[in-house]
Amino acid sequence: MRLSMIPLATLRDDPADAEVPSHRLLARAGYIQKIAAGIYVYSPLMWRTLRKVSNIVREELEREGANEILMPILQPKEIWEQSGRWARYLAEGLMFHMVDKRGSELCLGPTHEEVVTTYIKRIVKSYKQLPVNVYQIQDKFRDEIRPRFGLMRGREFVMKDAYSFDIDEAGLDASYLAMDRAYRRIFERCGLAFRAVEADSGAIGGSGSQEFMVLAETGEDAILYCEESGYAANVEKATSIISPTPDGGEAKPLEKHATPGVKTVDQLVAFFKMDAARMAKTVIYNATYADRVEAVAVMMRGDLEINEVKLCGILDALAVGLADEATILRVTGAEVGFAGPVGLDADCRLLADLTLEGATNLLTGCCESGYHCLNVNLGRDCRMPTFHDLRLARAGERSPDDRGALVETRGIEVGHIFKLGTKYSKAMDATFIAENGKPEPFVMGCYGIGVSRTAAAAVEQNHDESGIVWPRPIAPFEVVVALLDAKRQDQVDLAEAIYGELRAAGVDVCFDDRKMSPGAKFKDLDLLGFPVRVVVGRRADEGIVEYSIRKTGDKEDLAREEVMARLRPRAS
RNA sequence: CGGGGCGUGGCGCAGUUUGGCUAGCGCGCUUGCUUCGGGAGCAAGAGGUCGGAGGUUCGAAUCCUCUCGCCCCGACCA
């Protein structure tokens, strides 16, 4: 490909709306152009990169026996009602939906569990046809609350989604592991530094899941990992070992103390001269369900934080958020800062973190403005809460296997694999005839990769002051032959000859024959980020060109044959 | 959706507070001459009606109302 023949416009200034490096550089180098918030045109060079990522994905998935298909983007409401997700997705405002001229409701596919389950259940009738794994690479549509960071979070984006169907849990485990292996190879081949972490399965549901995180400071997710044991988890999911809750001793009589204006844990520590670990703060949340909003009281040790994602999962709610003042007043009868298990509204559900199980003589609020209680004993002075792991794990705490300390880093979620189980197959009545002759629901898994996000993450991880430094496997072209002076016939001849020869040899090469000054061309090619550059310039008359590596900046003068020797793919 | 901010040639910005005359600047683009290994110089050009609608006024990029779009912080996700 000749760069003079493709639409390509690089910018000298950073686009004003780009914050993170990948967005800034991809926009400046002309790889992407914004059409609307979270909606982009991929230029010819960007599309080449996306195709390379896609092809790596295809190769590795097919190696594990997955089959590529293409499902419709436009999906009917009916199948979403079968799975029970239509109302929920609409309520969350996540789905683009429309009404056709007959009045039928449709959506632009945000994901394809419904379609794939419908598809497979009509084909696979017997356990003899299992397991099966199908996938597609296609644009997905999500009306994100906040699209941002260019390709990182778009409203339309390229995604690979795969779905496995198995006879039983053991089969699912095997399918899941196969995808795990494929994913590791995919991200390795893309040249990315990544980590697989335990994840919350969130809205999609299911029993287990793992996220693949490309490590980057600008990542939207925080992850905790342990170098010694290899434990790694999204903070949303992470657990840890912490210092035990201090022994409160034998139960003592309840005492009520006036604590005017003392509302926060820090203030209580100062007021009572007491260790925060012997206090229990009580936080009122609003849990949103499909049909109602419910206030919930959550108790946590004073020195620890509540993990709202865990809370949401335990409550099986659509969302949880801190309650407003009116709700707090209603369930506690007190202003904000004095909530406690004592005196709590009888209809308000009461949960407590595991660290409080068996704790005695706690300091808590008592649902009365200006007062706190000492020597609170759960079950004696108030209802016995249900105990759950509700704690937010933090860096510095011990890994759950106790083999080392947790370290925090940030990551970009480029892949996510889920064990769905029978959630969708049961809801959608998708069954096969098992060996015993009886219908059984498929045991499903689903596996996503953000293809466009992966490309963006690669830039996030591979750039410098001058521009993009594409990992070779996903660069739009591995090699660029740059002609410096199109008026010098010796340069033109040599450049054309080398370009032609490299192409003939099957090298992934493009030819920068654009007419621009040498300085500008160098800057531009650095920005574009091709891994290898062959400059045909002033020593063309001697048959010498400059060969350089974008990543290291190493340059050397080579004869034409030496260039060929470096770049010609090894005969296989 | 809550909070903050921004819409002026393709890109980056000034001008708006305190209305005023042909709306500026840099980059990019076109043509010519020179230049030619790290974003060249000179000269000549093309291109915007100031996001949109309505209003106030002798006069609006500038003031008012409504509206659309975009960005940042939060909840969501590949």
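Residues numbered from 1 in each chain as written. Chains lettered and ligands numbered in written order. Predicted model: local features only at pLDDT ≥ 70, side-chain atom pairs only at ≥ 80, totals over all residues. Heavy atoms only, no water.

So, the protein's contact with RNA strand B
Then step 1. Neighbouring residues of RNA strand B: 49 residues in total, closest Arg12, Arg142, Arg146, Asp526 and Glu546.
Then step 2. Put simply, 46% of the atoms of RNA strand B that lie within 4 Å of the protein are in sugar or phosphate.
Then step 3. Between RNA strand B and the protein, one listed contact pairs a phosphate oxygen with a side-chain N or O atom of arginine 148 at 3.2 Å.
Then step 4. Elements represented by at least two residues in the surface near RNA strand B include exactly strand 1 (32–36), strand 8 (156–166), strand 21 (407–421), helix 13 (518–528) and strand 29 (532–536). (Near = heavy atom within 4 Å. Polar contact = N/O pair within 3.5 Å; in protein donor to acceptor, adjacent residues only side chain to side chain. Helix = DSSP H or I, 4+ residues; strand = E, 2+ residues; numbered from the N terminus.)

Concerning the state of the cysteines
Then step 1. Under the definition given, this model contains 0 disulfides.
Then step 2. Just so you know, cysteine 367 is unpaired, no disulfide at all, and the nearest cysteine sulfur is the one on cysteine 366, 7.2 Å from it.
Then step 3. A relative accessible area of 9% places cysteine 367 in the buried class.
Then step 4. Here cysteine 373 is not disulfide-linked; the sulfur of cysteine 366 is the nearest cysteine sulfur, at 3.6 Å. (Disulfide = S-S within 2.5 Å. Buried < 20%, exposed > 50% of the residue type's maximum accessible area, 1.4 Å probe, protein only.)

Details of the sheet that holds strand 15 (residues 293–301)
Then step 1. Spatially, the 5 strands line up as an open sheet ordered 16-14-15-17-20, and their pairing is mixed. The open sheet has two edge strands with one neighbour each: strand 16 (319–322) and strand 20 (386–388). Strand after strand, the sheet turns through a mean of 35° between neighbouring axes, direction not considered.
Then step 2. When strand 14 (residues 280–288) meets strand 16, the two strands line up antiparallel, connected through 4 bridges. When the bridges of strand 16 are listed, alanine 287 appears paired with valine 320.
Then step 3. Its contacts with the sheet put helix 8 (residues 308–315) on strand 14, strand 15, strand 16, strand 17 (349–353) and strand 20, and the angle it makes with strand 16 is roughly 130°. (Pairing = 2+ DSSP bridges. Axes fitted to C-alpha atoms, helices over the stretch in contact; angles between N-to-C directions. Contact = heavy atoms within 4.5 Å.)

A word on the nonpolar core
Then step 1. In this structure, Leu26, Tyr31 and Met46 are the most contacted members of the largest nonpolar core, which totals 64 residues.
Then step 2. Those residues in contact with leucine 26 that sit more than four places away from it in its chain are Tyr31, Ile32, Met46, Leu151, Ala456, Val459, Ile468 and Trp470.
Then step 3. Trp86, Cys107, Val124 and Val132 belong to the second largest nonpolar core, which has 27 residues in total. (Core = buried A, V, L, I, M, F, W, Y, C linked by side-chain atoms within 4.5 Å.)

With respect to the sheet that holds strand 30 (residues 544–549)
Then step 1. Read from one edge to the other, the open sheet built from 5 strands follows the order 28-27-29-30-31, with strand pairing classed as mixed. The sheet is open, and its two borders are formed by strand 28 (509–512) and strand 31 (555–559), each paired with just one other strand. The sheet shows a mean angle of 25° between the axes of neighbouring strands, taken without regard to direction.
Then step 2. Sheet analysis places strand 29 next to strand 30, joined by 4 bridges and oriented antiparallel. By the bridge assignment for strand 30, valine 534 is matched with tyrosine 547.

Digging into the packing of aromatic side chains
Then step 1. Taken as a whole, this structure holds 14 aromatic pairs when the rule is applied.
Then step 2. Judged by centre distance (6.3 Å) and plane angle (15°), the rings of tyrosine 42 and tryptophan 47 are stacked.
Then step 3. Look at tyrosine 183 and phenylalanine 187: their rings are 6.0 Å apart centre to centre, the planes differ by 85°, and that puts the pair in the edge-to-face class. Of the two residues, tyrosine 183 and phenylalanine 187 both sit in helix 6 (residues 169–189), 4 residues apart, roughly one turn of that helix. Accessibility assignment for this pair places tyrosine 183 and phenylalanine 187 in one class, buried.
Then step 4. Here the aromatic residues Tyr183, Phe187, Phe194 and Phe212 are joined through ring pairs into a cluster of three or more.
Then step 5. Between arginine 195 and the ring centre of tyrosine 225, over which it is positioned, the NZ or CZ distance is 3.9 Å.
Then step 6. The residue whose ring lies beneath arginine 292 is tyrosine 289, and the NZ or CZ to ring-centre distance is 4.1 Å. (Phe/Tyr/Trp six-rings, centres within 6.5 Å; stacked < 30°, edge-to-face > 60°. Lys NZ or Arg CZ within 6 Å of the ring centre and 35° of its normal.)

Some words on the layout of surface pockets
Over the atoms, a rolled probe matching the size of one water molecule traces out where space is still vacant.
Then step 1. Of the voids in this model, the second largest pocket is the one considered here, and its volume is about 480 Å³.
Then step 2. If you trace the second largest pocket, you find 24 residues lining it, with Lys263, Lys281, Thr282, Val283 and Gly337 closest to the centre.
Then step 3. Elements with a contribution of two residues or more to the lining of the second largest pocket: helix 7 (265–272), strand 14 and strand 18 (362–365).
Then step 4. A total of 6 residues in the lining of the second largest pocket trace back to one element, the largest contributor, which is strand 14.
Then step 5. Of the residues in the lining of the second largest pocket, the class split is 15 nonpolar, 6 polar and 3 charged. (1 Å grid on protein atoms, 1.4 Å probe; cavity = no way out; pocket = protein on both sides within 12 Å on 5 of 7 lines; lining within 4 Å. Points joined across faces, edges and corners; volume = space filled by probe spheres on them. Nonpolar A, V, L, I, M, F, W, Y, C, P; charged D, E, K, R; others polar.)

Description of the pattern of salt bridges
Then step 1. Under the criterion given, the structure shown has 50 salt bridges.
Then step 2. The salt bridge involving arginine 394 is made with glutamate 397; its shortest N-O contact spans 3.5 Å.
Then step 3. Judged by relative accessible area, which is 29%, arginine 394 ranks as partly exposed.
Then step 4. With a relative accessible area of 11%, glutamate 397 lands in the buried category.
Then step 5. Note that aspartate 557 is salt-bridged to arginine 539, the shortest N-O span being 2.9 Å. On the criterion of sequence distance, the pair formed by aspartate 557 in strand 31 and arginine 539 in the loop between strand 29 and strand 30 is long-range, its members being 18 residues apart.
Then step 6. Under the relative-accessibility criterion, aspartate 557 is labelled partly exposed at 44%. (Salt bridge = Lys/Arg side-chain N within 4 Å of Asp/Glu carboxyl O.)

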